[in-house]
Amino acid sequence: MEYAIVDIETTGGTAKNCGITEIAILIHDGNKIIAEFETLLNPEQDIPIYITGLTGIDNEMVQNAPTFEEVGEKLWNLLHGRVFVAHSVNFDYGFVRESFARSGREFKADKLCTVRLARKVIPGLSSYSLGRICEHRNIPILARHRAMGDARATAILFDEMIKEKPDIIAASLKRIQAKPSCHRIFLFQNSGNSPKNAGFITC
């Protein structure tokens, strides 16, 4: 089994309205990192000043960078079929999924969150932010709030956890993969008791 350890920087906090400005992906084969990729991305919208203050990424830096769609095939090949790992995974996964959807592709992957894993592997910390965990574990973050800096730190943390407590990682994966996908058919009926409209919900 292989894992895609992901970190992104964005123009804001909501995937529907904001864009990705930088992405880093490290591929872990269960023993070590075997591949990595990083790029700035043109989010096709302005980067707010406060975001630039946090990440250091400004409009000029991404002006000539590729859009997500332009590197979409490369990203798909790196992510598809691998377990998606990130710190607060739903944030990164949500943006990546939404960005693929904008280009007409439906992305789905099993997910592991290093925040949740760390709570089990390293109990008792007052904070499980990436910075705090790395400080506690003496993991260097060479570029905080930049995609590759945070992704490398997350990868080191994940590597340590999977080797220290492989049973916890395995149990988390088993629980995720055991969740059934459901397709619930629903009917709207008119007064004549015949179907008026139909649809389905997936979850």
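Bear in mind that the values here come from a model prediction, so they are computed numbers and not experimental data. (Residues numbered from 1 in each chain as written. Predicted model: local features only at pLDDT ≥ 70, side-chain atom pairs only at ≥ 80, totals over all residues. Heavy atoms only, no water.)

### Structural notes on the overall build of the protein
Right, on to step 1. Helix and strand counts for the protein stand at 8 helices and 7 strands.
Right, on to step 2. Across the 203 residues in the protein, those meeting the buried criterion constitute 42%.
Right, on to step 3. A fraction of 59% describes how many contacts in the protein between residues 6 or more apart in sequence connect residues 24 or more apart.
Right, on to step 4. Carbon and sulfur atoms make up 50% of the accessible area of the protein, which amounts to about 11200 Å² in all. (Helix = DSSP H or I, 4+ residues; strand = E, 2+ residues; numbered from the N terminus. Buried < 20%, exposed > 50% of the residue type's maximum accessible area, 1.4 Å probe, protein only. Contact = heavy atoms within 4.5 Å. Areas by Shrake-Rupley, 256 points an atom, 1.4 Å probe, with all protein chains shown as cover.)

### Some thoughts on the packing of aromatic side chains
Right, on to step 1. Inspection of every chain in the model, using the stated rule, returns 9 aromatic pairs.
Right, on to step 2. Judged by centre distance (4.9 Å) and plane angle (80 degrees), the ring pair of Phe68 and Phe100 falls under edge-to-face. With Phe68 in the loop between helix H2 (59–62) and helix H3 (72–79) and Phe100 in helix H4 (residues 89–102), the pair connects residues that are 32 residues apart, well separated along the chain. Like Phe100, Phe68 is buried.
Right, on to step 3. On the basis of an interplanar angle of 90 degrees and a centroid distance of 5.2 Å, the ring pair of Trp76 and Phe100 is categorised as edge-to-face. Taken together, the residues Trp76 in helix H3 and Phe100 in helix H4 connect sequence positions 24 residues apart. Side by side, Trp76 and Phe100 carry an identical accessibility label, which is buried.
Right, on to step 4. Residue placement shows Arg105 over the ring face of Trp76; its charged tip is 4.2 Å from the ring centre.
Right, on to step 5. Positioned above the aromatic ring of Tyr93, the side-chain terminus of Lys111 is 4.7 Å from the ring centre. (Phe/Tyr/Trp six-rings, centres within 6.5 Å; stacked < 30°, edge-to-face > 60°. Lys NZ or Arg CZ within 6 Å of the ring centre and 35° of its normal.)

### Re the environment of Met61
Right, on to step 1. Tracing the sequence through the fold places Met61 in helix H2.
Right, on to step 2. Residue class for Met61 comes out partly exposed when judged on its relative accessible area of 32%.
Right, on to step 3. Residues Met61 and Asn42, 19 residues apart in the sequence, show an inter-C-alpha distance of 8.7 Å.
Right, on to step 4. Ignoring sequence-local partners within four residues, the contact set of Met61 consists of Leu40, Gly56 and Arg146.

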